[in-house]
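Secondary and tertiary structure notes
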Amino acid sequence: MTSKKIILTGSFGVGKTSLFNQFIFNKFSDKYLTTIGVKVNKKSVFVDGEEVNLLVWDIAGEVSQDKVPTSYFLGASGIIYVFDLTRPLTYKNLEKDIDYLKQILPGGLIKIVGNKKDLLEEDAIAKVVNDVTMPISILTSAKSGENVEDLFNDLAKSLIK
Amino acid sequence: MAESHKPIHDEVLLDRLKEILLWDDRKELDEIKQILDTRAHLSERVSPIIEEHLSALKETFSEDYKEIINKLIEVKLKNSQEEIVNSLYPSLGRMIKKYIGHQFELLKENIDNSVKKTFSPAGFKRRVKSFFTGVKESELILSNANNYTIQEVFLIERDSGLLMGSASLHTTFDQDVVAGMLTAIKAFVEDAFKKEKQELEFIEYGNYKIVIQTFFSYYMAAAIDGTMITQEKFDVEESMHDFASAELTGAKSSEVSNSELISKKLYEYFIKK
Ligand SMILES: Nc1nc2c(ncn2[C@@H]2O[C@H](COP(=O)(O)OP(=O)(O)OP(=O)(O)O)[C@@H](O)[C@H]2O)c(=O)[nH]1
Ligand SMILES: [Mg+2]
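Treat the numbers as computed from the prediction; the structure is a model and nothing was measured. (Residues numbered from 1 in each chain as written. Chains lettered and ligands numbered in written order. Predicted model: local features only at pLDDT ≥ 70, side-chain atom pairs only at ≥ 80, totals over all residues. Heavy atoms only, no water.)

Points about the overall build of chain A
Scanning chain A from N- to C-terminus turns up five helices and six strands. Split into buried and exposed, the 161 residues of chain A put 48% on the buried side. Once local pairs closer than 6 in sequence are excluded, the contacts in chain A between residues at least 24 apart make up 68%. Carbon together with sulfur atoms contributes 50% to the accessible area of chain A, which is approximately 7,400 Å² in total. (Helix = DSSP H or I, 4+ residues; strand = E, 2+ residues; numbered from the N terminus. Buried < 20%, exposed > 50% of the residue type's maximum accessible area, 1.4 Å probe, protein only. Contact = heavy atoms within 4.5 Å. Areas by Shrake-Rupley, 256 points an atom, 1.4 Å probe, with all protein chains shown as cover.)

Remarks on the coordination of the magnesium ion (ligand 2)
All names here are of chain A. Around the magnesium ion (ligand 2), the protein contributes the donor atoms Thr17 (OG1) and Thr35 (OG1), at 2.0 Å from the metal centre. Note that Thr17 is positioned in helix 1 (residues 16-25) and Thr35 in the loop between helix 1 and strand 2 (38-47), a separation of 18 residues in sequence. Taking the relative accessible area as the measure of exposure, Thr17 reaches 27% and is therefore partly exposed. (Donors = N, O, S within 2.8 Å, 3.2 Å for Na, K, Ca; no water.)

Describing the site of ligand 1
Residues and elements named next belong to chain A. In the vicinity of ligand 1 lie 25 residues, with Ser18, Ser29, Tyr32, Thr34 and Asp118 positioned nearest. Between ligand 1 and Gly15, the relevant distance is 3.0 Å, taken from an oxygen atom to a main-chain nitrogen or oxygen of the residue. At 2.8 Å, a backbone N or O of Asp30 approaches an oxygen atom of ligand 1. Given that more than half its atoms are within 2 Å of the pocket grid, ligand 1 belongs to the second largest pocket. Per-element accounting of the shell around ligand 1 gives the leading share, three residues, to helix 1. Class assignment for the residues of the shell around ligand 1 results in eight nonpolar, 11 polar and six charged. (Near = heavy atom within 4 Å. Polar contact = N/O pair within 3.5 Å; in protein donor to acceptor, adjacent residues only side chain to side chain. 1 Å grid on protein atoms, 1.4 Å probe; cavity = no way out; pocket = protein on both sides within 12 Å on 5 of 7 lines; lining within 4 Å. Sits in = over half its atoms within 2 Å of the grid points. Nonpolar A, V, L, I, M, F, W, Y, C, P; charged D, E, K, R; others polar.)

Examining the interface of chain A and chain B
Taken together, the contact pairs 26 residues of chain A with 23 residues of chain B. The tally of links between chain A and chain B comes to two salt bridges. A salt bridge links Asp174 of chain B to Lys42 of chain A, with the nearest nitrogen and oxygen atoms 3.0 Å apart. Remark: the boundary between chain A and chain B carries four residue pairs in polar contact (both at pLDDT 80 or more). (Salt bridge = Lys/Arg side-chain N within 4 Å of Asp/Glu carboxyl O.)

Considering the sheet that holds strand 4 (residues 208-214) of chain B
Residue and element names in this part refer to chain B. With respect to topology, five strands assemble into an open sheet ordered 2-1-5-4-3, the strand pairing being antiparallel. Of all strands in the sheet, those bounded by a partner on one side alone are strand 2 (163-168) and strand 3 (202-205). Averaged over all adjacent pairs, the angle separating strand axes in this sheet is 15 degrees, with direction ignored. In this fold helix 7 (residues 230-248) packs onto strand 1 (148-157), strand 3, strand 4 and strand 5 (218-226), with an angle of close to 145 degrees to the strand it touches most, strand 5. Against the sheet, helix 9 (residues 259-271) touches strand 1, strand 2 and strand 5, its axis set at about 40 degrees to strand 2. (Pairing = 2+ DSSP bridges. Axes fitted to C-alpha atoms, helices over the stretch in contact; angles between N-to-C directions.)

Side note on the sheet that holds strand 6 (residues 138-139) of chain A
Judged by pairing direction, the sheet is mixed, and its six strands sit side by side in the order 2-3-1-4-5-6 (chain A) without closing on themselves. Each end of this open sheet is capped by a strand with a single partner; those strands are strand 2 and strand 6 of chain A. Here strand 2 of chain A pairs with strand 3 (residues 50-59) of chain A via 10 bridges, running antiparallel. Note on strand 3 of chain A: the bridge partner recorded for Asn41 of chain A is Val56 of chain A. Packed onto the sheet, helix 3 (residues 94-104) of chain A meets strand 1 (2-9), strand 4 (78-84) and strand 5 (109-115) of chain A and runs at close to 165 degrees relative to strand 4 of chain A. Against the sheet, helix 6 (residues 175-193) of chain B touches strand 2 and strand 3 of chain A, its axis set at about 140 degrees to strand 2 of chain A.

All we've got here are geometric facts, nothing functional implied.
The structure is reproduced here in structure tokens:
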């Protein structure tokens, strides 16, 4: 069985842990329990009949270089960068953060995810997408589960190819 | 460790480090800290008692009294154990009581052995004393204790933390996840203290220890239950090196990436004894 290391990163409270919990347990909680340090989780998915072990490192909300050891990113195949569609602060540094991530994981796959889709109307979402200067891979709601499965499955798929 | 990494503020790092290490049970680690702090205090308390009795014994000592003296010391140690434990107990709680009790048992057991072999007041005094001050000499006395078991052993890819193989006496957690978390802790510690080319080699958590040896592209970790002296830790490290050079160095990449095969070999080497 192939194993792949995936990093979940992004600001505090954007829903990284919620996305993963929705993905594994199909569960969502309104309670905010901030992740301390890093939590490693596992889930296997099937890509064209082949089982892939995703080892997902859910990193406490900080992308910046002085808060998270760069070595956490070593050997990762992909990074999921999550921001909160309702909080501009969480995508304000997006470009800088992505540059930084590209630098510490050259050639790694990076997915930019806008989360908490359920909290905004379509036109408000369109406005955010317009404001964000980089291409967003997918818009999700950890609450409703919308696009969550797709996010991880798509990622696994692109890693296997 | 990447060179580009800015120096991290010490306090923030230490807090984060604590948070990671105290993942599930901050309290337990605090208690362990207390035990470590108290070792010195314990020494202060115990040394005078032993000193007193030994100076008396020295006067009257002769080969003929060996048995009696041995008994006396044993009794006194036993009494002091109660005394010490009771005076410390209220503030230090159950953990330390268990710890001290266990250490006294070990001590008694080994004093018996040592006395049989090399009884002399000076040597005895030095050894008992060194036990409480934690100096290496203590390891002579405790060297027959030998009560640790390797519970689990992991072979882990160094950068990614992906598991290459593992073997265990009883499976506890998901081993892929353990390998990942272990790598995170290791990465964090190494990053935080950023000493050139230094690797985390040992983690202690209650009675549980993790011995780590890092090789070029992978590392090995053995989770150990029980008491262990430096020599034994060294032995475990040695067998990791032996394993690596026998089974991994020069092995075909198809063999190294076959986790079932690696796991089987790990089992044969470390767990099945
Ligand atoms: N409405 C809504 N709330 C969400 C969604 N995702 C997360 N939340 C809420 O946002 C808060 C933070 O979610 P977490 O998943 O803990 O965020 P995180 O990114 O893991 O945060 P850190 O671990 O602190 O970095 C929680 O109260 C969640 O219930 C979502 O899609 N919709
Ligand atoms: Mg979290």
